[in-house]
Amino acid sequence: MQKETTIDHALRATWQAVAKMYNEQAAKHGSTMATAFVLLNIDYENGTPSTALGPLMGMEPTSLSRILKTMEDKGAIFREKHPEDGRSVLIKLTDYGKEMRKVSRASVIAFNEKVKEELDEEKLNNFFEVTEKINQLIAERDIFNENKRKAI
């Protein structure tokens, strides 16, 4: 199997192209795709507990901490004690953060609308079915099960 025909190569190459596109767009606003992703995952009105952000985005705590520090330094977010749990911290958007979140959201919507214009509903449904199945196979941790593979 050549690398161009493997599923993982197609996924990786496509994601790298998408990430590059989003990073180029974010750079126009002095930001990064990672920062935009965080902005989109913070509740617009109430903020989001810092401990919930990492799992919500599938991001490691150290990476997230670095991004949050940068966002705080740029004035996009601030930290506030959780009113119901004094041990927890809420990450909240500043007015600047809310504006940047709107920019990020508009970019995501533009990308999705463009793809939807180019593909019919059946192809989009097939795409989502395939990605769902891949995620299911990974979650089941059954891909590298040697006993099952030998039986095939």
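Above this note sits the structure.
Residues numbered from 1 in each chain as written. Predicted model: local features only at pLDDT ≥ 70, side-chain atom pairs only at ≥ 80, totals over all residues. Heavy atoms only, no water.

The next thing to look at is the packing of aromatic side chains. Counted according to the given criterion, the structure contains two aromatic pairs. Where Tyr22 meets Phe111, the ring centres are 5.8 Å apart and the plane angle is 70°; that geometry is what we call edge-to-face. Note that Tyr22 is positioned in helix H1 (residues 7-27) and Phe111 in helix H5 (residues 95-118), a separation of 89 residues in sequence. Taking relative accessible area as the criterion, Tyr22 reaches 15% and is therefore assigned buried. Ring geometry for Phe127 against Phe128: centres 5.2 Å apart, planes inclined by 70°, an arrangement best described as edge-to-face. (Phe/Tyr/Trp six-rings, centres within 6.5 Å; stacked < 30°, edge-to-face > 60°. Helix = DSSP H or I, 4+ residues; strand = E, 2+ residues; numbered from the N terminus. Buried < 20%, exposed > 50% of the residue type's maximum accessible area, 1.4 Å probe, protein only.)

Under the criterion given, the structure shown has nine salt bridges. Between Arg12 and Asp8 there is a salt bridge, with the nearest N and O atoms lying 4.0 Å from each other. In this pair, Arg12 and Asp8 are both assigned in helix H1, four residues apart and thus about one turn of the helix distant. For the salt bridge of Lys114 with Glu118, the shortest nitrogen-to-oxygen distance reads 3.3 Å. Note that Lys114 and Glu118 are positioned in helix H5 at a spacing of four residues, about one turn of the helix. Here Lys114 falls in the partly exposed class, since its relative accessible area comes to 46%. Overall, the relative accessible area of 56% leaves Glu118 in the exposed class. (Salt bridge = Lys/Arg side-chain N within 4 Å of Asp/Glu carboxyl O.)

This part covers the sheet that holds strand S3 (residues 89-93). Remark on secondary structure: sheet strands pair via backbone hydrogen bonds, oriented parallel or antiparallel. Taken in spatial order, the three strands of this open sheet run S1-S3-S2, and their pairing is antiparallel. Looking at strand neighbours, the two that pair on one side only are strand S1 (48-49) and strand S2 (77-81), the edges of this open sheet. Sheet topology note: the S2/S3 ladder contains five bridges and is antiparallel. When the bridges of S3 are listed, Phe78 appears paired with Lys92. Contacting S2 and S3, helix H4 (residues 61-73) crosses the sheet at an angle of about 105° to S2. (Pairing = 2+ DSSP bridges. Contact = heavy atoms within 4.5 Å. Axes fitted to C-alpha atoms, helices over the stretch in contact; angles between N-to-C directions.)

Nonpolar side chains in soluble globular proteins generally cluster together in the buried interior. Ranked by internal contacts, the top residues of the largest apolar core, which has 15 residues, are Val38, Ile42, Leu64, Leu68, Met71 and Ile77. If you list the elements that add at least two residues to this core, you get helix H2 (33-41), helix H3 (50-57), H4 and S3. A per-element tally of this core places H4 first, with four residues. Not counting residues within four places of it along the chain, the set of residues in contact with Ile77 comprises Ile42, Leu68, Met71, Glu72, Ile91, Lys92, Leu93 and Thr94. (Core = buried A, V, L, I, M, F, W, Y, C linked by side-chain atoms within 4.5 Å.)

Reported here for the largest pocket is a volume of approximately 1,200 Å³. Around the largest pocket, the lining is made up of 36 residues, and of these Trp15, Val18, Tyr22, Phe111 and Phe127 lie nearest the centre. Of all the elements in the fold, those that place two or more residues in the lining of the largest pocket are H1, H2, H5 and helix H6 (121-139). For the lining of the largest pocket, the leading source of residues is H1, giving 10 residues. A per-class count over the lining of the largest pocket returns 24 nonpolar, nine polar and three charged. Lining the second largest pocket, in full, are Ile7, Asp8, Leu11, Ile134, Leu137, Ile138 and Ile143. (1 Å grid on protein atoms, 1.4 Å probe; cavity = no way out; pocket = protein on both sides within 12 Å on 5 of 7 lines; lining within 4 Å. Points joined across faces, edges and corners; volume = space filled by probe spheres on them. Nonpolar A, V, L, I, M, F, W, Y, C, P; charged D, E, K, R; others polar.)

So, on to the packing of H1 against H5. Closest axis-to-axis distance for the H1/H5 pair is 11 Å, and the angle between their directions is 140°. As judged from the angle between their axes, H1 and H5 are oblique. As H1 runs across H5, the sense of the crossing is right-handed. Along the contact surface, H1 presents Val18, Met21, Tyr22 and Gln25, while H5 presents Ser107, Val108, Phe111 and Asn112. Looking at side-chain class alone, the contact of H1 with H5 contains five nonpolar, three polar and no charged residues. (Parallel < 35°, antiparallel > 145°, perpendicular 65-115°, else oblique. Left-handed = near helix turned anticlockwise from the far one by under 90°.)

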